[in-house]
Amino acid sequence: MATDSQAARGAPESGELADFGYTQQLKRSLGLKDLLVYGLVFMAPTAPFAIFGPVFNVSHGMVPLVYLIGVLAMIFTALSYREMSRAFPIAGSVYAYAGRGLSAPAGFLAGWAILLDYLLIPTLLYVTGAAAMSAIVPAIPEPAWVVFFVVVNTVINMLGIETTARANRIMLAALLLVLAAFLVLAVIAIVQGVNGAHWSTDPIFNPATFHPDMVFGAVSVAALSFLGFDAISTLAEETKGGPKVVGRATVLSLLIVAGMFIVQTYLAALLLPGKTSFVGTEAINDAFYGVAYLVGGGTFKAIAALTVALSAALADSLVAQAATSRLLFAMSRDGQLPRFLAHVHPKRRVPQRAVLLVGGLSVVLGIVFVGQVETLSSLVNFGALASFLLLHVTVFGYYIVKRRTRSYGMHLVVPLIGFVIIGYVLWNADLHAKIGGLVWLAIGCVILLVRKFTGRSISLAQPS
């Protein structure tokens, strides 16, 4: 029988999978550091390298302010993930949380929504990386790069979660090395007054160019820059140390990467004194690389560009494939997707068929969507944001309505603010993304209705 404190959390202190009707199939070997590395690699410490120009234009040069606003906006979603990961320390992320916190149909819709994100994000990363590598090595076509990157990451993920974790550490170290080099070179350049640079607070807040509308535009841009911290929850059944570890890693990874984003963009903006926008597509896309050239010449500019390419095509996509396969595993073992995807390799203890399916889909979709990064980005964002909305509803519904807890700050105010922020971003999303996303959700609703009328609806086990 659960104690009152355990009931308030929604799960026994042991967090045993048996309490949810499962046996331990995946290998528990990841600690807090491994989860932090996973989250940091997914969000990529050097992510601003690629989008510095567009964010610079939206913010009139106040890029670090954008990321500060972004982390303040996304922290509410991270806190909601933390609360639900403690209540339900199982794989499946928001699918598992909504399914047990609200109802099995709600869980399916949440899982179906985030599948749009998780199934397409590896493709997006492969296509992005392939485009960058093709520019560096034009003799090799983009589809060939897609196949190469998919094969490398699929092999690593098939070898087991410990191999994936080791690869993550190596890739994160490489990204941090390049970032550290930029920070040192940028500080030296500012001290020397390169390009008229000098220390100033203008990149953080410049009253001459600041306008309230900029804040809302910044939230839309920055909220999407932090997507990835949520995927830590998919590794709950491979984590040791208790149910609090996943939630702690989710919040910490978001805060750490935000700090990195703010520092690097502050220094980059200082090297562009008096500038508030870039004109022309080429100038916008090349914005950060121009700063890299200022601080380290052509060699460092090439290193920065190569870092972005390999970060997307190898590092980010590696963890994205792992997260997607765990979501497929969780949904299929409940019968919400074909059960053959729940197969776990007896020795390596990874969801083998799910990993292979994600790899296969990435090859096909990567070749089909070569050169269509914007379309993929829009669909990925819709899936993530729609699932975040259901997450916030789940926190309220589970803790306040079902459990009748009185922690109104964490279980009412936090999800309410998070819901409003995510709702605003989703409302202002690309029209085509909203149409495509709503069609995807409609398909999910049809599947639910078919299951119901054919007597195949299911219920999910609740913790004892």
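For the structure given in this document, a descriptive report is provided here. As the structure is a prediction and not an experimental result, all values here were calculated from the model.

Looking only at helices and strands, one finds 16 helices and 0 strands in the chain. Relative to its length of 464 residues, the chain is compact, with a C-alpha radius of gyration of 22 Å against a globular reference of 23 Å. With the C-alpha coordinates of the chain rotated into their principal frame, the extents come out at 70 × 50 × 40 Å. Expressed as a percentage of its 464 residues, the buried residues of the chain come to 56%. At a minimum sequence separation of 6, the contacts of the chain that also span at least 24 residues come to 83%. Here the chain holds 29 positive side-chain charges and 20 negative ones, and the gap between their average locations is 11 Å.

Further remarks concern helix α5 (residues 94-101). Counting buried residues in α5 gives 8 out of 8 residues, a clear majority hidden from the surface. Residues Val94, Tyr95, Ala96, Tyr97, Ala98, Gly99, Arg100 and Gly101 constitute the buried set of α5.

The next point concerns the pattern of salt bridges. Enumeration according to the criterion identifies 6 salt bridges in this entry. Where Glu83 meets Arg82, a salt bridge forms, and the shortest distance between an N and an O atom there is 3.1 Å. Its relative accessible area of 18% is what places Arg82 among the buried residues. Glu237 serves as the salt-bridge partner of Arg333, at 2.3 Å between the closest nitrogen and oxygen. With Arg333 in helix α12 (residues 287-333) and Glu237 in the loop between α9 (212-225) and α10 (244-270), this residue pair connects regions lying 96 residues apart in the sequence. For Arg333, a relative accessible area of 12% translates into the label buried.

Turning our eyes to something else, we now look at the nonpolar core. Counting residues in each nonpolar core, the largest one holds 142 residues, and the members touching the most others are Tyr38, Phe52, Phe226 and Leu254. Of all the elements, α12 adds the most residues to this core, at 23 residues. The contact partners of Leu254, leaving out residues within four places of it in the chain, are Met43, Val71, Met74, Ile75, Ala78, Phe226 and Phe229.

Once that is clear, we can look at the packing of helix α4 (residues 63-87) against helix α15 (residues 408-427). Working note: a packed helix pair is described by the angle between its axes plus the distance between those axes. For the pair α4 and α15, interaxial distance at closest approach is 8 Å and the crossing angle is 130 degrees. Taken as axis vectors, α4 and α15 run oblique relative to one another. In this structure, α4 crosses over α15, and the sense of that crossing is left-handed. Only Met410, His411, Val414, Pro415, Ile417, Gly418, Ile421 and Ile422 of α15 make contact with α4, whose side of the interface consists of Ala73, Met74, Phe76, Thr77, Leu79, Ser80, Arg82 and Glu83.

Bringing the packing of aromatic side chains into the picture now. Counting across every chain of the model gives 23 aromatic pairs. Measuring from centroid to centroid gives 4.9 Å for Phe182 and Phe288, while their planes differ by 50 degrees, and the two rings are tilted. In this pair, Phe182 is assigned in helix α8 (residues 161-192) and Phe288 in helix α12, connecting sequence segments 106 residues apart. Taken individually, Phe182 and Phe288 each receive the classification buried, so the pair is uniform in this respect.

Next up on the list: unusual backbone geometry. Positive phi values are uncommon outside glycine, yet Ala44 reaches one of about 70 degrees. The exposure class of Ala44 is buried, given its relative accessible area of 2%. Positive phi values are uncommon outside glycine, yet Arg349 reaches one of about 60 degrees. Here Arg349 shows up in the loop between α12 and α13 (352-368).

So, how was this worked out
Residues numbered from 1 in each chain as written. Predicted model: local features only at pLDDT ≥ 70, side-chain atom pairs only at ≥ 80, totals over all residues. Heavy atoms only, no water. Helix = DSSP H or I, 4+ residues; strand = E, 2+ residues; numbered from the N terminus. Rg over C-alpha atoms; globule rule 2.2 N^0.38 Å. Buried < 20%, exposed > 50% of the residue type's maximum accessible area, 1.4 Å probe, protein only. Contact = heavy atoms within 4.5 Å. Lys, Arg positive; Asp, Glu negative; His and termini not counted. Charge placed at Lys NZ, Arg CZ, Asp CG, Glu CD. Salt bridge = Lys/Arg side-chain N within 4 Å of Asp/Glu carboxyl O. Core = buried A, V, L, I, M, F, W, Y, C linked by side-chain atoms within 4.5 Å. Axes fitted to C-alpha atoms, helices over the stretch in contact; angles between N-to-C directions. Parallel < 35°, antiparallel > 145°, perpendicular 65-115°, else oblique. Left-handed = near helix turned anticlockwise from the far one by under 90°. Phe/Tyr/Trp six-rings, centres within 6.5 Å; stacked < 30°, edge-to-face > 60°.

None of the figures reported here should be taken as evidence of function without further support.
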